[in-house]
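Examination of the molecular architecture
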Amino acid sequence: MPVTDVVELILADHRTFERLFRELRDSLGDRAEHQRELSGLLVAHAVAEEREVYPALRRYLDDSVIEHGSEEHLDGHQALLDLLESPEVGSAHWRARLDHLEETIAHHLDEEEQAILHQATRSVPEPVRTDLGRAFVRIRERELTADCGSPDRVREPVRALARD
Ligand SMILES: [Fe+2]
Ligand SMILES: [Fe+2]
């Protein structure tokens, strides 16, 4: 049976992000392709967390923890957009932006795992985690199909933030 515990699904994506960052550092790899893959997955993952997972976890965790996670998603989208807008994949400019994105995401994954997922495993009943896992996968797939990692789509939340 496929894994549907939402915590396990989220952790699996986090490890995939780390693998894609490693692959992006390899100058012999297809960096443009890895960048497309990373961008789509980062956005689909964050959207699925915010639409399905974070709202449901408000019953079990402090609001401030959830709100902080959402703020960090916006930081991640901004850093991702900066990378996507870098004119030349592989240039020194691009690598500096990749460094910043990796730091921003690593910080978020660490905090999300410590402050949200660890607590969710302890407080959220297993059937709820399973239902949330199915909902997480549904939104994530829908976003990936809609090319959610394209620069135009990544710009949307960043613009919304700038308007606040
Ligand atoms: Fe996550
Ligand atoms: Fe997240």
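One structure accompanies this document, and this report is about it. Keep in mind the model is a prediction, meaning the values are calculated, not measured.

**Observations regarding the side chain of Gln 35**
- Along the chain, the position of Gln 35 falls in helix 2 (residues 31-57).
- Residue Gln 35 is classed as buried on the basis of its relative accessible area of 10%.
- Filtering out sequence-adjacent residues up to four positions away, Gln 35 remains in contact with Leu 24, Leu 83, Leu 84, Val 89 and Trp 94.

**So, helix 4 (residues 92-123)**
- Between its terminal C-alpha atoms helix 4 stretches 45 Å, which fits the 46 Å expected from 32 residues at 1.5 Å a residue.
- Most pronounced at Glu 113, the bend in helix 4 amounts to some 40 degrees.
- Residues Trp 94, Leu 98, Leu 101, Thr 104, Ile 105, His 108, Leu 109, Glu 112, Glu 113, Ile 116, Leu 117 and Ala 120 constitute the buried set of helix 4.

**With respect to the coordination of the iron ion (ligand 2)**
- Bound to the iron ion (ligand 2) are the protein donor atoms Glu 49 (OE), His 73 (NE2), His 108 (NE2) and Glu 112 (OE), situated 2.1 Å from the metal.
- Around the iron ion (ligand 2) sit 4 donor atoms, and with donor-metal-donor angles ranging over 85 to 171 degrees the site reads as irregular.
- All donor residues of the iron ion (ligand 2) come from one chain, and their arrangement in sequence is E-x23-H-x34-H-x3-E.
- Between the iron ion (ligand 2) and the iron ion (ligand 1), a separation of 3.2 Å is found, and both are coordinated by Glu 49. Of this pair, Glu 49 sits in helix 2 while Glu 112 is found in helix 4, placing the two residues 63 residues apart along the sequence. For the pair shown, Glu 49 and Glu 112 are each scored as buried.

**Regarding helix 3 (residues 63-84)**
- Here helix 3 spans 32 Å end to end across 22 residues, near enough to the 32 Å set by a 1.5 Å rise per residue.
- Taken as a whole, helix 3 has its buried residues at Ile 66, Gly 69, Glu 72, His 73, Gly 76, His 77, Ala 79, Leu 80, Leu 81, Leu 83 and Leu 84.

**Quick notes on the coordination of the iron ion (ligand 1)**
- With distances of 2.0 to 2.2 Å, the protein atoms coordinating the iron ion (ligand 1) are His 14 (NE2), His 45 (NE2), Glu 49 (OE) and Glu 112 (OE).
- Taken together, the 4 donor atoms surrounding the iron ion (ligand 1) define angles of 76 to 169 degrees at the centre, an arrangement classified as irregular.
- Sequence spacing of the donors to the iron ion (ligand 1): H-x30-H-x3-E-x62-E.
- Residue Glu 112 is classed as buried on the basis of its relative accessible area, which comes to 2%.

Rules of the game
- Residues numbered from 1 in each chain as written.
- Chains lettered and ligands numbered in written order.
- Predicted model: local features only at pLDDT ≥ 70, side-chain atom pairs only at ≥ 80, totals over all residues.
- Heavy atoms only, no water.
- Helix = DSSP H or I, 4+ residues; strand = E, 2+ residues; numbered from the N terminus.
- Buried < 20%, exposed > 50% of the residue type's maximum accessible area, 1.4 Å probe, protein only.
- Contact = heavy atoms within 4.5 Å.
- Expected span 1.5 Å × (residues − 1).
- Bend = angle between axes of the 7 residues up to and from the residue.
- Donors = N, O, S within 2.8 Å, 3.2 Å for Na, K, Ca; no water.
- Tetrahedral: all angles 85-135°; square planar, octahedral: opposite > 155°, others 65-115°.

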